[in-house]
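Spelled out from the first residue to the last, the chains are:
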Amino acid sequence: MNQQIRVEPLSPVIGAEVFGIDLTGPLTAAIVDTLHSALMTHLVLFFRDQQLSFEQHKQFGKRFGDLHVHPAAPKVAEHPEILVVHADETVQSVAGELWHSDVSCDVEPPMGSILRVEQVPTIGGDTLFASMYAAYESLSDGMQRLLGELTAVHEGRPYYVGRYGGEHLRDGDYPSAEHPAVRTHPVTGRTALYVNELFTTRFKELKRNESDALLSFLLKHCASPEFQCRFRWRSNSVAFWDNRCTQHHAIWDYYPETRHGYRVTVQGDRPYYRPAAAPQD
Ligand code: SIN
């Protein structure tokens, strides 16, 4: 069964389409291992024609960890772990319209997210994904060293207050957290840049004007096309991304059409940074 799975990369640094798998059925441990290892290599995996029920979607997510509950969004009754991603002619904003890593304002931000889009617009509504390994690795040694000493503040309030209001707060308040500006991926050991436009507000150790200038440079850098792939959704396409080393940007270019989907999010760990050991002489 494992041999039927085929993984085709979409770009040299990020993204792969997976063929020959039905995510609705029970998956063997070997298949889950194959998918996990493909995710570690390609950072985001894409699947077509996956008509998952809420229960099947959650079961698939649970194979990779405990499920995360969103800190501010309204919940689907009976399924608080399902986040509805919806846009139509009545909405003023859509989920994830700026570059971000999901819920990086949580103290333990999600490891991964699994989005199934059910209804797609006639054209448009693609999602961009970017590798934060590639973003980090392309910086100079001096910039890497500076970032290795910085703490970034991530705040949920500035984005969530306008998007969801305060009626559905998981913890009674908006989340906020301090994370290293670069993080060590707990599985691959690689270093990823970990600041984003939606949630990162400043660097703790810098003066405000220094912090604003550095953040502005980094956010532009993260959005460089060579770190990216672009996914064109069809009905029942699924994307599974690793939030620890990627960012994504949902393009809202299809107003007033409707786009509708559901996301299951997998809990992660507290980010940390362990500098790679210097090479021995
Ligand atoms: C999200 O940030 O989870 C939404 C992504 C999308 O709608 O493509």
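The preceding data block contains the structure.
This text gives an overview of the structure that appears in the document.

What counts and how
Residues numbered from 1 in each chain as written. Predicted model: local features only at pLDDT ≥ 70, side-chain atom pairs only at ≥ 80, totals over all residues. Heavy atoms only, no water. Helix = DSSP H or I, 4+ residues; strand = E, 2+ residues; numbered from the N terminus. Core = buried A, V, L, I, M, F, W, Y, C linked by side-chain atoms within 4.5 Å. Buried < 20%, exposed > 50% of the residue type's maximum accessible area, 1.4 Å probe, protein only. Contact = heavy atoms within 4.5 Å. Pairing = 2+ DSSP bridges. Axes fitted to C-alpha atoms, helices over the stretch in contact; angles between N-to-C directions. Phe/Tyr/Trp six-rings, centres within 6.5 Å; stacked < 30°, edge-to-face > 60°. Polar contact = N/O pair within 3.5 Å; in protein donor to acceptor, adjacent residues only side chain to side chain. Salt bridge = Lys/Arg side-chain N within 4 Å of Asp/Glu carboxyl O. Near = heavy atom within 4 Å. Nonpolar A, V, L, I, M, F, W, Y, C, P; charged D, E, K, R; others polar.

### Quick look at unusual backbone geometry
At the junction of Y255 and P256, the peptide bond is cis and its omega measures out at 10 degrees in the coordinates. You can see P256 is positioned in the loop between β14 (246-250) and β15 (259-266). Positive phi values are uncommon outside glycine, yet V103 reaches one of about 45 degrees. As for its position among the elements, V103 is in the loop between β4 (82-87) and β5 (112-119).

### Quick word on the nonpolar core
Ranked by size, the top nonpolar core spans 51 residues in total, and within it F129, L147, Y160, L193, V195, F203 and L218 carry the most contacts. At five residues, the largest contribution of residues to this core is made by helix α3 (residues 132-137). With residues up to four places along the chain from it excluded, the contact list for F203 reads L150, T151, A152, A181, V195, S211, L214, L215 and L218. Judged by nonpolar contacts, the second largest core, of 27 residues, contains I5, L52, L67 and I82.

### Some thoughts on the sheet that holds strand β2 (residues 16-19)
In spatial order, the strands read β1-β2-β3-β13-β5-β15-β4; together these seven strands make up an open sheet with mixed pairing. Two strands lie at the open edges of the sheet, namely β1 (6-9) and β4, each paired on one side alone. Taken pair by pair, the neighbouring strands of this sheet meet at an average axis angle of 25 degrees, ignoring direction. Bridge count between strand β3 (residues 44-47) and strand β13 (residues 237-242): four bridges; the pairing is antiparallel.

### Overview of the packing of aromatic side chains
A complete count under the given rule lists 14 aromatic pairs for this structure. Judged by centre distance (4.0 Å) and plane angle (10 degrees), the ring pair of F46 and F231 falls under stacked. Taken as a pair, F46 in strand β3 and F231 in strand β12 (residues 228-231) lie far apart in primary sequence, 185 residues in all. With relative accessibility at 0%, the residue F46 sits in the buried group. For F231, a relative accessible area of 1% translates into the label buried. With a centroid separation of 5.3 Å and 75 degrees between ring planes, the pair formed by F60 and F64 is classed as edge-to-face.

### Some remarks on the side chain of R116
With respect to the helices and strands, the residue R116 is situated in strand β5. Engagement of the side chain of R116 in a polar contact is seen with the side chain of E118, the distance being 2.9 Å. Reaching out from R116, the side chain makes a polar contact with the side chain of N236 at a distance of 2.6 Å. Setting aside its immediate chain neighbours within four residues, R116 contacts Q50, L52, H57, N236, S237, V238, G261 and Y262.

### What about the pattern of salt bridges?
Where side chains of opposite charge bring their charged atoms close, a pairing between them can arise. A complete count under the given rule lists 14 salt bridges for this structure. One salt bridge connects E81 with K58, and the closest N-O pair in it is separated by 3.1 Å. One end of the pair, E81, is in the loop between α2 (54-62) and β4; the other, K58, is in helix α2, with 23 residues separating them in the sequence. Among the residues examined, E81 registers a relative accessible area of 19% and is labelled buried. Across the salt bridge formed by R208 and D212, the nearest N and O atoms sit 3.4 Å from each other. In this pair, R208 and D212 both sit in helix α6 (residues 208-222), four residues apart, roughly one turn of the helix. In this structure D212 comes out as partly exposed when scored by relative accessible area, which is 39%. Each of the salt bridges in this network shares a partner with another, and the network as a whole consists of D106, R170 and D171.

### Considerations on the site of the ligand
Around the ligand, the neighbouring residues are V85, A95, G96, H100, D102, L115, T127, W241, H248, A250, R259 and R263. Residue T127 places a side-chain N or O atom 2.6 Å away from an oxygen atom belonging to the ligand. Within the contact set of the ligand, an oxygen atom lies 2.9 Å away from a side-chain nitrogen or oxygen of H248. Elements represented by at least two residues in the shell around the ligand include exactly β14 and β15. Looking at the shell around the ligand residue by residue, the classes come out as five nonpolar, four polar and three charged.

These figures come from the coordinates and say nothing about function on their own.
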